[in-house]
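Geometric and topological summary
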Amino acid sequence: MIPDVGAVETLDALRAIAVQCTACVLSETRTTVVFGAGSPEADVFVVGEAPGQKEDEDGVPFVGRSGQLLDSLLGEIGLSRDDIYISNVVKCRPPRNRDPRTDEIDMCKGYLRRQIELIDPKVVITLGNFSTKLLLRTTIGITRMRGVAYEWWGRYLVPTFHPAAALRGGERVTNDIRADFAIVRSILDGTLE
Ligand code: URA
Ligand code: SF4
């Protein structure tokens, strides 16, 4: 059954439900439900794809190699983990880090939707194809979607490459993420043109 969490009133109550969730098969192989981390009052909400091995062990999103790169790029626009909130499209690690399946995303997406509603950020950053396609309801790939801010449910959404793509793709991809994060900075500063 799809978890019905649209009326849950607090982030803590939502977390308490998520950590018990067995709505999809990822619950059978996970170690920890990686719900999300950061400030409940954040202006910036970052959405990744799915927990990896280290996240599954620690219960915290983006604590592995991708997370280190992400932290450093966020630092360049003056943001630390305490300034943002960060989570993923699915809250449980897919076995061997395979892609999350459509049925798993459909079961899990209500948690993300409610997290965004409760935190009510100014900007949502989507990292990579899964979060971008889900939230912008598009099938267009990240390479073509990135580089601009979208008006989205009364806030902005800025899609960019996943840091794992930058770890594989090198400085060109990293610089594209930098350019997208500069857009985020200008939204926060009220200087977006
Ligand atoms: N990659 C993701 O998309 N999310 C994490 O939490 C870690 C790595
Ligand atoms: Fe529930 Fe999401 Fe984990 Fe699936 S991935 S068991 S829907 S919390």
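Overview of the structure. (Residues numbered from 1 in each chain as written. Chains lettered and ligands numbered in written order. Predicted model: local features only at pLDDT ≥ 70, side-chain atom pairs only at ≥ 80, totals over all residues. Heavy atoms only, no water.)

Here's the deal with the site of ligand 2
- For ligand 2, the full set of nearby residues is Cys21, Ala23, Cys24, Leu26, Ser27, Arg30, Lys91, Cys92, Met107, Cys108 and Tyr111.
- The class makeup of the residues in the shell around ligand 2 is 8 nonpolar, 1 polar and 2 charged. (Near = heavy atom within 4 Å. Nonpolar A, V, L, I, M, F, W, Y, C, P; charged D, E, K, R; others polar.)

Quick look at the packing of helix H1 (residues 11-18) against helix H4 (residues 102-119)
- Packing of H1 against H4 leaves a shortest axis separation of 10 Å and a crossing angle of 165 degrees. The angle between H1 and H4 falls in the class roughly antiparallel. You can see that H1 and H4 cross each other, and the crossing is left-handed. Contacts from Leu11, Leu14, Ile17 and Ala18 in H1 reach Tyr111, Arg114, Gln115, Leu118 and Ile119 in H4.
- Among the residues forming the contact of H1 with H4, the class breakdown is 7 nonpolar, 1 polar and 1 charged. (Axes fitted to C-alpha atoms, helices over the stretch in contact; angles between N-to-C directions. Helix = DSSP H or I, 4+ residues; strand = E, 2+ residues; numbered from the N terminus. Parallel < 35°, antiparallel > 145°, perpendicular 65-115°, else oblique. Left-handed = near helix turned anticlockwise from the far one by under 90°. Contact = heavy atoms within 4.5 Å.)

Here we look at the pairing of strand S2 (residues 44-48)
- Burial analysis of S2 places 5 of its 5 residues in the buried class, which makes it a mostly covered element.
- Because side chains alternate across S2, one face comprises the buried residues Val44, Val46 and Gly48, and the other comprises Phe45 and Val47, equally buried.
- Note: S2 against strand S3 (residues 84-88), 5 bridges, orientation parallel. Residue pairing in the sheet places Val44 in a bridge with Ile84 of S3.
- Sheet analysis places S2 next to strand S4 (residues 123-127), joined by 4 bridges and oriented parallel. Looking across to S4, one finds that Val44 is bridged to Val123. (Buried < 20%, exposed > 50% of the residue type's maximum accessible area, 1.4 Å probe, protein only. Pairing = 2+ DSSP bridges.)

What to know about the site of ligand 1
- Taken together, Gly48, Glu49, Ala50, Glu55, Pro61, Phe62, Asn88 and His162 make up the full set of residues near ligand 1.
- Ala50 places a polar main-chain atom, nitrogen or oxygen, 3.0 Å from a nitrogen atom of ligand 1.
- Grouping the constituent residues of the shell around ligand 1 by class yields 3 nonpolar, 3 polar and 2 charged. (Polar contact = N/O pair within 3.5 Å; in protein donor to acceptor, adjacent residues only side chain to side chain.)

Considering the packing of helix H3 (residues 65-76) against helix H8 (residues 171-189)
- The geometry of H3 relative to H8 is characterised by a closest axis approach of 10 Å and an angle of 45 degrees between their N-to-C directions. Regarding the angle of H3 to H8, the classification is oblique. Read as a crossing pair, H3 and H8 show a hand that is right-handed. For the pair H3 and H8, contact is made by Leu70, Leu73, Leu74 and Glu76 and by Thr174, Ile177, Arg178 and Phe181, respectively.

Let's talk about the side chain of Thr138
- Here Thr138 lies in the loop between helix H5 (129-136) and helix H6 (142-145).
- There is a polar contact of 3.0 Å between the side chain of Thr138 and the backbone nitrogen of Ile140.
- Not counting residues within four places of it along the chain, the set of residues in contact with Thr138 comprises Thr132, Lys133 and Met145.

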